[in-house]
Every structure is written in structure tokens, then in C-alpha cells.
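# A look at the structure
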Amino acid sequence: QAGVFTYDPGFTSTAACDSTITFIDGTEGILTHRGYQIGELAEKSHYLEVCYLLLYGELPSPAQLEEFESLVTNHTMLHEQMMNFFRGFRRDAHPMAVMVGVVGAMSAFYHDSTDINDPHQREVASIRLIAKMPTIAAMAYKYTIGQPFIYPRNDLDYASNFLRMCFAVPAEDYNVDPILSRAMDRIFTLHADHEQNASTSTVRLASSSGANPFACIAAGIACLWGPAHGGANQACLEMLKEIGTPDRIPEFIARAKDKDDPFRLMGFGHRVYKNFDPRATVMKQSADEVLELLGVENNPILQVAKELEKAALEDPYFSEKKLFPNVDFYSGIILEAMGFPTSMFTPIFALARTVGWISQWKEQLADPQLKIGRPRQLYQGSDIRSYTDIEKR
Ligand code: SDX
């Protein structure tokens, strides 16, 4: 139920909706999913178990987890006719453009899971989306690099399947590196859900009109693409590369502080966190681990990132405005070290966030009172006035 509540001492906000899924304390830098802290989930759980938690509210029993993982694994293939849909795009299309199009097109292929009033169809759509997103993202990538699609395999876990679909080629065997698979799974977990962010609010708003689940998720993907939101991971790595060396950091810090310069430090700041984003803390640890295990711990971009973070945190402009690194600051460094081009960073974010969008979509459908109502405005335009014929204008 939308209402006004006191969020922090002296800080009030108008809530978009009630929810029981994710809690963020922006002042303390706390993020929980169904009460479990993100740092503990990232360390002790894995993505599909976090998906179960977000979807159903509790950690699964061994039998429940086995059944859920089997269900997801056995729905990873796409309708074969959808391959034609991919081929309608230009080869140089951004993978996010392909994902928006293909996920929206699922409305035309999976008719038996579009009736939002049928709980069974809602469940089928949920599983299909979570299961097929890695396949769609990997195929979007393969298509843009001109390589053949690699089909999913049922003997691989979720993250390993995705890595293999992205990096395997028919000409040779591909063995998934367990280090990369664990890092990939952790990145999925860190991006799974995040309360009422812009793309989740978009999904809820689309859902409130009764749109089918595939159309709602396509709307979420479109919103996530923006550089101020999910596109920040790509923008951040491109910024770090533009900085290039630590001696250029002061120049970019000065630009970020300049009111007349639209430049912002990508991967820094957050609408809610006025403390460290707890996901950034885990991501930074993961960056150190993965790059060391890959033997690229001396990656100059990682050094620039660490120096930039240090310089910004020591600068009064950022500390006074409570600007800290967010989830996007280190993620791109890991993804590039894993072999992904920057254009695949946001598709990976979208893949991981699908379970959050779906969980919030299901929560809203289960209780229409939770839906984000029709936003109003404060009209600042002209008073009512009469039409003037063109001859008199
Ligand atoms: C995500 O909502 C979510 O949960 C999103 C997300 C999720 O998981 O779904 O967490 C994912 O989107 C993370 C954010 C990724 N975006 C970026 O990293 C892009 C860079 N960040 C900025 O664009 C910005 O920080 C925003 C958009 C994220 C937030 O902008 P706000 O709402 O303006 O932030 P603010 O109110 O805290 O800003 C306070 C001041 C402002 O200046 P003044 O008007 O007070 O003079 O700080 C400035 C801002 O202009 N500021 C920055 C800055 N971020 C805010 N100045 C320089 N560099 C920055 N990065």
C-alpha cells in the first residue's frame, strides 16, 4: 500500500509499494534477501538457491533445491524457431538490443504461460524466464561475434552452462574453469534483486496493466540498459580505461566535481546507499581473488580502480555527498578478466536480475494492493486557454 513512512531519522520517502523480498538500509549499507544478508548469501549460498529464496521466501530443503534446479536445467533450451528471430538483427547490434527483442518475442512463442491470472502459468513463465535468460544472453553474444550458437547442456550447473554457451566453439572441447564458474555464480547472486530500483519498478508498473510476463521483463531489460542504472558497469570499465593510468585520476575527479560537466564517476554513488554498497565490498574481494587466480592480479585497470576509489573516498566532495562505490564499480574488471567484452556486462546484469524482477512481479500479482499505482504529477504548465486559429497566430 503506497504511503509515507520514516525511512531514516529525518529522512522520509513515499513508498512505491510494500514488499517482503529485499530490504536495503542505505545509511548502514545493509542489503538482505528474505532476511539473509547479501555477504552471507554470496559466501555460503549459490545463485539458484538464492533464486529459490527470492521466489518462495525460504531457503530450500535438499529435495526442494534438487527439484528446482532440475526444473530450471530442463528448460534452458529456446524454441528452435526463435533462432530466426536472432538472425533478424544486424551483427553489430548491442546484445541488450537483442535481449530486449528476444525476451519480448517470447510472448509470441510461449502462449501457454502468458495468462497472468493462472497461477500455474505464472509459475511456468517464471521458470522459463530464469532458465532461458543465460541461453538468450549467450546467443545474443555469439550472434554479435559471428559464432555459431552453443546449446545448453543438462550436465552443467547454471553458471558453467552460461560460460560454456558464451565461450565454447564447435571446433574444440571446452572445459569450464571452476574458478570462473564460482565467480560467475557469485556475480549472478550479487545482482539478483535490489528492492524497487528503476528496472524493477518498471516491471511492476508494466505488470500493473496486466501485461504478460515476457513483455514485463522485456520492459525491465530496456530500463536496465541505461548508463545511470544497469549500463553503469559497461560505462565504468570504459571510464577506467579512459583514465588509463593513476596519474590521470585527479583530472577525472575534478571533472566529476564540476557542476558544469555532465561527467559522473561511473560505478560511484547510489540513490539509496549513503554508505558502502555491500555488494561492492564482496565484488572487490572477488576481483582480487579472480584476477590473482587468473594470474592477472597486476591488471593496470584494477590498480586504477583501487587508486580512483581511494582518491574519491579521501575527497570531501564525495564524502560529504556520501558517494561510495556501488555494485558496478568492480564488476566490469572481473567480467573483462573472464573474457567478456564490455557489451556483455549489462546483459549479464539483466540475466541475474531476472529472478528479482520475477519475484517482485509474482508478489505484486499475488496481492494487487502491492501494485505500484498510476503515478501522478505536479502540473506546471499553462492555465486553460482557448484555441487560436492559425490566421491569427
Ligand atoms: C545501479 O537503484 C538501484 O538499486 C540500482 C542498482 C540495482 O542494483 O538495481 O543498485 C544498480 O543502478 C547502481 C548505480 C549505477 N549507476 C552509476 O554508477 C552511475 C554513476 N552514478 C550516478 O549517476 C548517481 O550516483 C546515481 C544516478 C546512481 C544516483 O544519482 P543521484 O540520485 O543524483 O545521487 P545523489 O542524490 O546521492 O547525488 C548527490 C549529489 C548530486 O549532486 P548535487 O545535486 O547534490 O550537487 O552527488 C552527485 C549528484 O549530482 N553525484 C555524483 C555522482 N553521483 C551523484 N557526482 C559525481 N559522480 C557521481 N557518480
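As the structure is a prediction and not an experimental result, all values here were calculated from the model. (Residues numbered from 1 in each chain as written. Predicted model: local features only at pLDDT ≥ 70, side-chain atom pairs only at ≥ 80, totals over all residues. Heavy atoms only, no water.)

Here we come to the sheet that holds strand E5 (residues 36-37). Sheets are built from strands paired through backbone hydrogen bonds, the pairs being either parallel or antiparallel. The sheet built from 3 strands is open, its strands ordered E3-E4-E5 with antiparallel pairing. Because the sheet does not close on itself, it has two edges, and the strands there are strand E3 (22-25) and E5. As paired strands, strand E4 (residues 30-33) and E5 are joined by 2 bridges and run antiparallel to one another. Bridging across to E5, His-33 finds its partner in Tyr-36. (Pairing = 2+ DSSP bridges. Helix = DSSP H or I, 4+ residues; strand = E, 2+ residues; numbered from the N terminus.)

Let us look at the side chain of Thr-189. Within the fold, Thr-189 resides in helix H8 (residues 178-190). Excluding residues within four positions of it along the chain, Thr-189 makes contact with Ile-38, Leu-41, Ala-42, His-46, Tyr-47 and Val-50. (Contact = heavy atoms within 4.5 Å.)

The environment of the ligand is made up of 25 residues, and the closest members are His-194, Lys-259, His-270, Arg-271 and Lys-274. Residue Arg-264 places a side-chain N or O atom 3.2 Å away from an oxygen atom belonging to the ligand. A class-by-class count of the residues in the shell around the ligand yields 10 nonpolar, 7 polar and 8 charged. (Near = heavy atom within 4 Å. Polar contact = N/O pair within 3.5 Å; in protein donor to acceptor, adjacent residues only side chain to side chain. Nonpolar A, V, L, I, M, F, W, Y, C, P; charged D, E, K, R; others polar.)

Of the pockets and cavities examined, the second largest pocket occupies roughly 260 Å³. Surrounding the second largest pocket, 18 residues form its lining, Leu-48, Glu-69, Asp-157, Tyr-158 and Ala-159 being those nearest its centre. It is helix H7 (residues 158-167) that contributes the most residues to the lining of the second largest pocket, 4 residues altogether. For the lining of the second largest pocket, the class distribution of residues is 7 nonpolar, 6 polar and 5 charged. (1 Å grid on protein atoms, 1.4 Å probe; cavity = no way out; pocket = protein on both sides within 12 Å on 5 of 7 lines; lining within 4 Å. Points joined across faces, edges and corners; volume = space filled by probe spheres on them.)

This part takes up the pairing of E4. Across 4 bridges, the pairing between E3 and E4 is antiparallel. Across the sheet, Asp-25 pairs through a bridge with Ile-30, a residue of E4. Linking E3 to E4, which pair antiparallel, is a turn of 4 residues; within it Gly-29 sits at a positive phi near 70°. Linkage of E4 to E5, two consecutive antiparallel strands, is achieved through a turn of 2 residues, within which Arg-34 is found at a positive phi near 50°.

This next bit is on the packing of aromatic side chains. Each aromatic ring pair is characterised by the separation of its centres together with the angle its planes make. Taken as a whole and judged by the stated rule, the model has 19 aromatic pairs. A centroid spacing of 6.0 Å and a plane angle of 70° characterise the contact between Phe-85 and Phe-89, whose relative ring orientation is edge-to-face. Accessibility expressed as a relative area gives 35% for Phe-85, which makes it partly exposed. By the ring-pair criterion, three or more aromatic residues cluster together here, those being Tyr-47, Tyr-141, Tyr-158, Phe-162, Phe-167, Phe-188 and Phe-340. The side chain of Arg-91 reaches across the aromatic face of Tyr-143, ending 4.1 Å from its centre. (Phe/Tyr/Trp six-rings, centres within 6.5 Å; stacked < 30°, edge-to-face > 60°. Buried < 20%, exposed > 50% of the residue type's maximum accessible area, 1.4 Å probe, protein only. Lys NZ or Arg CZ within 6 Å of the ring centre and 35° of its normal.)

The positions UniProt marks with the feature "active site" (unreviewed entry) are His-270 and Asp-328. A maximum C-alpha distance of 10.5 Å is found for the annotated residues, which run over 59 residues; spatially they form one tight group. Secondary-structure assignment places His-270 in the loop between helix H12 (249-257) and helix H13 (278-293). Among all residues touching His-270, those that are not within four sequence positions of it are His-194, Arg-279 and Asn-326. For His-270, the side chain forms a polar contact with the main-chain nitrogen of Val-272, separated by 2.9 Å. Along the chain, Asp-328 falls in helix H16 (residues 328-338). By relative accessible area, Asp-328 is classed as buried at 5%. Not counting residues up to four positions away in its chain, the partners in contact with Asp-328 are His-191, His-229, Ala-232, Asn-233, Cys-236, Gly-267 and Phe-349. (UniProt positions renumbered as here; feature names shortened; annotations may be inferred.)

Along the chain, Thr-354 falls in helix H17 (residues 345-366). On the accessibility criterion, Thr-354 (1% relative accessible area) is buried. C-alpha separation for the pair Thr-354 and Asp-258, spaced 96 residues apart in sequence, amounts to 36 Å. Ignoring any residue separated from it by four or fewer positions in sequence, one finds Thr-354 in contact with Leu-129, Ile-130 and Met-133.

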